[in-house]
Structure formats: structure tokens, C-alpha cells
Amino acid sequence: MLRVFLKMSDAGNIALIGFMGSGKSSIGRLLAKKLHYRFVDTDQLVVKSAGMAITEIFKEHGEPFFREQERLALESLHGWQRLVIATGGGIVLRAENVPLLREMAFVVWLTASEEILFERVSRNTKRPLLHTENPRATISALLAARHPLYENAAHFVIDTSTKPHAEIADEILSQAERFFSCEK
Ligand code: S3P
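Residues numbered from 1 in each chain as written. Predicted model: local features only at pLDDT ≥ 70, side-chain atom pairs only at ≥ 80, totals over all residues. Heavy atoms only, no water.

**Description of the overall build of the protein**
Then comes step 1: Helix and strand content of the protein: 9 helices and 5 strands.
Then comes step 2: Put simply, the protein runs from its N terminus to its C terminus through helices and strands in the order α-β-α-β-α-α-α-β-α-β-α-α-β-α.
Then comes step 3: Against the globule reference of 16 Å for 184 residues, the protein gives a C-alpha radius of gyration of 16 Å, in line with a compact fold.
Then comes step 4: Dimensions of the protein, computed from the C-alpha atoms along their principal axes, are close to 50 × 35 × 25 Å.
Then comes step 5: Counted over contacts in the protein with a minimum sequence separation of 6, partners at least 24 positions apart contribute 76%.
Then comes step 6: Mean positive and mean negative side-chain charge positions of the protein (23 and 22 charges, respectively) differ by 5 Å. (Helix = DSSP H or I, 4+ residues; strand = E, 2+ residues; numbered from the N terminus. Rg over C-alpha atoms; globule rule 2.2 N^0.38 Å. Contact = heavy atoms within 4.5 Å. Lys, Arg positive; Asp, Glu negative; His and termini not counted. Charge placed at Lys NZ, Arg CZ, Asp CG, Glu CD.)

Below is the structure:
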């Protein structure tokens, strides 16, 4: 792992995209720790600048306002290096975020089966888009709509359904190393 750290140390950022519950924050934190990079989460940046929780932002100002704050949060990271960026599951909905992400970072799409995503997101109620009568059907519909957007944005895709986080992080690191060495 030291080998990866040394080679990656002058390299770019890693951004994690994917559906709610795909593991972006936990795997992102682990990656940042392994690389000695800074971990940032666009949701946290939005919460901080708005001074309220995501559910409140959706309730008070609506989704378009949230999406604009999310875009600004991502834009504010432009020019920074040595970041692991966890994004909100809907970051790819704004078309202009995609080239920005790909320019700023090695973009990794974390996937998981629908059952597992449902099980993971059911553990908390902090996701306003899932406050529906049938969250399972909502997940299905959102996944179907977003699948091509994630696919189009990603440099690399990895399934998080069953593998331990440490194994996923190591795989991402070796792919990132390859990506950045090809870029030079
Ligand atoms: C959203 C995902 C959430 C958060 C907001 C909207 C989405 O982030 O940005 O609730 O549209 O998928 P996580 O993917 O971190 O849960």
C-alpha cells in the first residue's frame, strides 16, 4: 500500500459517485485515510453553507435549490488536490457537474444490488427523496433513471454489495494509480 501512496501522492483527486447507500462516505473516508488525503463530502458542504440539514433544505427550498447548492459545492473544490470527494447520489443529474467531476478527479461509480441499497438506506430517514409511500419502488425508478448518468460519468465502476470495504478501497487505489500514470 505504501507503493500506491507514494505514486499517488502527487496525483489528482478521487471522486466517488453512486446511489444513496452505495458506500461513498465510508469507503471515501477509508481511501482518504490510506492516501493521507483530505476527505470531503458535497452533502456536508451544502449543509454547512445552508446552515440546515438536507431534509430541511428540501422541505424549505425544494430540490432545485439543493441541486444548485450541490453544484456550487462541487465547483468550490476545483483546483484542490489530494482530495477524496464523496458526492450526493444525485450529483450526476446536473449535466455540467459531469465534465467538472471528470476533470477534477478519477471518478469511481460505486454500485450495489437494489436489495442491498434498500436495506442500507432503510437504516435511516435522512434522505428526503425516499420519503414516499413506497420507498422500494422509488429506489427502483431512480436507479433506472440514473444508471446511464452514472455510467457516463464514471472512469471506473466497482460493486460494493458483498466485498469488504478494505478490499474495495485497495482495488480503487490500484485503478487510480493506473489512471494517473496513464494521464502523465
Ligand atoms: C440524494 C442523495 C443524498 C443527498 C440528497 C439527495 C440523491 O446523498 O445528496 O438526499 O438525489 O440521490 P447520499 O447519496 O450521500 O445519500
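**So, the site of the ligand**
Then comes step 1: Inspection of the region around the ligand gives 14 residues, with Lys 24, Asp 43, Arg 67, Arg 127 and Arg 146 positioned closest.
Then comes step 2: Lys 24 has a polar side-chain atom sitting 2.5 Å from an oxygen atom of the ligand.
Then comes step 3: Take Arg 146: an N or O atom from its side chain is 2.6 Å from an oxygen atom of the ligand.
Then comes step 4: Protein coverage of the free-state accessible area of the ligand, which is 390 Å², stands at 94%.
Then comes step 5: Of the residues belonging to the shell around the ligand, the class tally is 5 nonpolar, 3 polar and 6 charged. (Near = heavy atom within 4 Å. Polar contact = N/O pair within 3.5 Å; in protein donor to acceptor, adjacent residues only side chain to side chain. Areas by Shrake-Rupley, 256 points an atom, 1.4 Å probe, with all protein chains shown as cover. Nonpolar A, V, L, I, M, F, W, Y, C, P; charged D, E, K, R; others polar.)

**Side note on the environment of Asn 152**
Then comes step 1: Note on placement: Asn 152 falls in helix H8 (residues 135-153).
Then comes step 2: Among the residues examined, Asn 152 registers a relative accessible area of 53% and is labelled exposed.
Then comes step 3: Asn 152 sits 60 residues away from Val 92 along the chain, and the two C-alpha atoms are 9.1 Å apart. (Buried < 20%, exposed > 50% of the residue type's maximum accessible area, 1.4 Å probe, protein only.)

**Regarding the packing of helix H7 (residues 114-121) against H8**
Then comes step 1: Running from N to C, H7 and H8 point in directions that differ by 125°, and their axes come no closer than 10 Å. The orientation of H7 with respect to H8, classified from their angle, is oblique. As for how H7 packs across H8, the hand of that crossing is right-handed. Across from Glu 114, Glu 115, Leu 117, Phe 118 and Val 121 in H7, the residues of H8 making contact are Pro 135, Arg 136, Ile 139, Ser 140 and Leu 143.
Then comes step 2: Tallied by class, residues from the contact of H7 with H8 come to 6 nonpolar, 1 polar and 3 charged. (Axes fitted to C-alpha atoms, helices over the stretch in contact; angles between N-to-C directions. Parallel < 35°, antiparallel > 145°, perpendicular 65-115°, else oblique. Left-handed = near helix turned anticlockwise from the far one by under 90°.)

**A short note on the nonpolar core**
Then comes step 1: By size, the foremost hydrophobic cluster in this structure holds 27 residues, and its most contacted members are Ile 17, Phe 19, Ile 85, Val 92, Leu 101 and Met 104.
Then comes step 2: Where this core is concerned, the elements lending two or more residues are strand E1 (13-18), strand E3 (83-86), helix H6 (97-104), strand E4 (105-111), H7 and H8.
Then comes step 3: Here Val 92 is in contact with Ile 17, Val 98, Leu 149, Tyr 150 and Ala 153, once residues within four sequence places are set aside.
Then comes step 4: With 22 residues, the next largest nonpolar core counts Ile 14, Ile 172, Ala 176 and Phe 179 among its residues. (Core = buried A, V, L, I, M, F, W, Y, C linked by side-chain atoms within 4.5 Å.)

**Brief notes about the environment of Val 108**
Then comes step 1: Along the polypeptide, Val 108 turns up in strand E4.
Then comes step 2: The exposure class assigned to Val 108 is buried, which follows from its relative accessible area of 0%.
Then comes step 3: Considering only alpha carbons, one finds Val 108 and Arg 123, 15 residues apart in sequence, at a separation of 24 Å.

**Structural notes on the sheet that holds strand E2 (residues 38-41)**
Then comes step 1: Read across the open sheet, the 5 strands follow the order E2-E3-E1-E4-E5; overall the sheet is parallel. Each edge of the open sheet is held by one strand with a lone partner, namely E2 and strand E5 (156-159). Averaged over all pairs of adjacent strands, the angle between their axes in this sheet comes to 25°, without regard to strand direction.
Then comes step 2: Examined bridge by bridge, E2 and E3 share 4 bridges and lie parallel to one another. Within E3, the residue paired with Arg 38 across the bridge is Leu 83.
Then comes step 3: Along the sheet face, helix H3 (residues 42-50) touches E2 and E3 and points at about 65° away from the line of E2. (Pairing = 2+ DSSP bridges.)

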